[in-house]
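For reference, the chains in residue letters:
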Amino acid sequence: MSDPHQATPAGYRRGARADACPGALTTHEAADGQLARVRVPGGRLRAGQLRELAACAEEFGDGVLHLTSRGNVQLRGLGADAGLADRIAAAGLLPSASHERVRNIVASPLSGLSGGVADVRPLAGELDEAVCARPELASLPGRFLFGLDDGRADVADDRIDACWYALDAGTGALVLAGRDTGLRVPAGRAADALVEAAATFGRVRGDAWQVRELDDRADRIADAVAAQLGSGVGRARQTPRALPRSAEPPLGATRQDDGGWLVVAGITFGAISGAQARTLAGLAGTVTLTPWRSVVVGDIDADAVDTVIAGLDAAGFLLSEGAPEHAVGACIGSPGCAKSRADVRADVSEVMRTAGGALAGAATAAHFSGCERRCGRPRAEHVDVLAEGDGYRVDGNWVPVERLAEALACATNAGGEAAADHGHTARPGRTQQERTGS
């Protein structure tokens, strides 16, 4: 393994635009201390790794594992480096110091367990090794994201820069920023195709952070992949159609294709305490972190599934789609973030205390943001709740804090209808593009 303390690789700055994405070695200074991000390709963590991350969070930081929308783990509230990198490396979570910020790989979290047309779990490991083996990829932006979709269309959207989308067990489409390029790639060449796409992006990107910011250069990426792989790829006979979209996996227990069971557990604010992490580690040899800040425990025997559910429930995990906490997410807010205009998680918690029952079974989730950056907002349609002054804008309509629970219950159960119809104060709104951050 590379020296975990070596200098940050060149290429993280283009012109005046610095890449501020944190890593396990290059941390970000937040209001609550240093923030480190540990990449977990494919979201899969062994029980021992989960325990070690929990121990690191408790010894070095705020004691919590903060999940991201890419299935990675953030450690917050860190002080001066006292061996964190060494601990992460020893746990097998830092195989390359030079590439640690670009090992961003999301994969269908139920792949190989339930549904899908291909098992992409082995491909995640192959892709991770292939990325680390290409020196030029060390200078990719930390935002560049690889995807492996098993054909259920749960991760192949425009936020995924380069994705292999399974069409059957042996063949997939090369998808760039959510667009099917028409290239057909065997599963055995998936890692090669995605790595070549990333390398080409690095050559043509200019000041772009992600493929979706490119124009015709995206076509150049597909052409370069086809040229590099040669006869290893084919072309679609018909014009590729838009990919379907599928929802996140439902919470609770689900029968696997092989007759076993899996359990998907939600996490309030995507924050796993050390105690919760140890509970998870004691229930499964491997857990999968999802891009929706939930976890998957799979391959459970029929006679053990009730024990797993009871253990997760007792530890405070969410196991029902109707749980009100499942309907609301939030950025870290203040005091953890200096840019936040409110302690959004405290406000959400108060809403849960006073009106949580009204949010049970909400038709649309809501996301609270302390500023316009809207960190952590979900990919799916959601109610946008933005802190402003002594209140919040709920899908663009301002309401005071004391009316927030009412407005939120209305908006989430009405699929995001404006709360202005219910007596809330209308202040000058923003455009739909500004509201969604698109």
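Residues numbered from 1 in each chain as written. Predicted model: local features only at pLDDT ≥ 70, side-chain atom pairs only at ≥ 80, totals over all residues. Heavy atoms only, no water.

Caption draft 1: Representation of the pattern of salt bridges in the model. For the structure shown, the criterion picks out 19 salt bridges. Two residues, Glu372 and Arg341, come together in a salt bridge whose shortest N-O distance is 3.0 Å. Of this pair, Glu372 sits in the loop between strand 20 (366–369) and strand 21 (383–388) while Arg341 sits in the loop between strand 19 (328–330) and helix 8 (344–359), placing them 31 residues apart in sequence. Classification of Glu372 as partly exposed rests on a relative accessible area of 43%. Classification of Arg341 by relative accessible area gives partly exposed; the value is 39%. With a shortest N-O distance of 3.0 Å, Glu388 and Arg393 are connected by a salt bridge. (Salt bridge = Lys/Arg side-chain N within 4 Å of Asp/Glu carboxyl O. Helix = DSSP H or I, 4+ residues; strand = E, 2+ residues; numbered from the N terminus. Buried < 20%, exposed > 50% of the residue type's maximum accessible area, 1.4 Å probe, protein only.)

Caption draft 2: Local environment of the side chain of Asp180. The residue Asp180 is located in strand 12 (residues 179–186) in this model. When its relative accessible area of 11% is taken as the criterion, Asp180 is described as buried. Polar contacts involving the side chain of Asp180 include one to the main-chain amide nitrogen of Gly182, which spans 2.9 Å. Among the polar contacts listed, one links the side chain of Asp180 to the side chain of Arg184, at a separation of 3.0 Å. Excluding residues that lie within four positions of it along the chain, Asp180 makes contacts with Ala173, Leu174, Val175, Pro240 and Arg241. (Polar contact = N/O pair within 3.5 Å; in protein donor to acceptor, adjacent residues only side chain to side chain. Contact = heavy atoms within 4.5 Å.)

Caption draft 3: Structural context of the pairing of strand 18 (residues 294–300). Within strand 18, 5 of the 7 residues are buried, which leaves it mostly tucked inside the rest of the structure. Pairing of strand 15 (residues 261–266) with strand 18, which is carried by 5 bridges, proceeds in the antiparallel orientation. In the sheet register, Ala265 faces strand 18, and the bridge partner there is Val295. Between strand 17 (residues 286–289) and strand 18, which follow one another and run antiparallel, lie 4 residues, and Arg293 among them has a positive phi close to 60 degrees. (Pairing = 2+ DSSP bridges.)

Caption draft 4: Main features of the sheet that holds strand 17. Across the sheet, which stays open at both edges, the 5 strands sit in the order 5-17-18-15-14 with antiparallel pairing between neighbours. Since the sheet does not close on itself, it has two edges, and those belong to strand 5 (44–46) and strand 14 (252–255), each with one partner. The mean angle between the axes of side-by-side strands here comes to 25 degrees, regardless of whether they run parallel or antiparallel. As paired strands, strand 17 and strand 18 are joined by 3 bridges and run antiparallel to one another. Of the residues in strand 18, the one forming a bridge with Val287 is Val297. (Axes fitted to C-alpha atoms, helices over the stretch in contact; angles between N-to-C directions.)

Take it as geometry only, folks, not as evidence of what the structure does.
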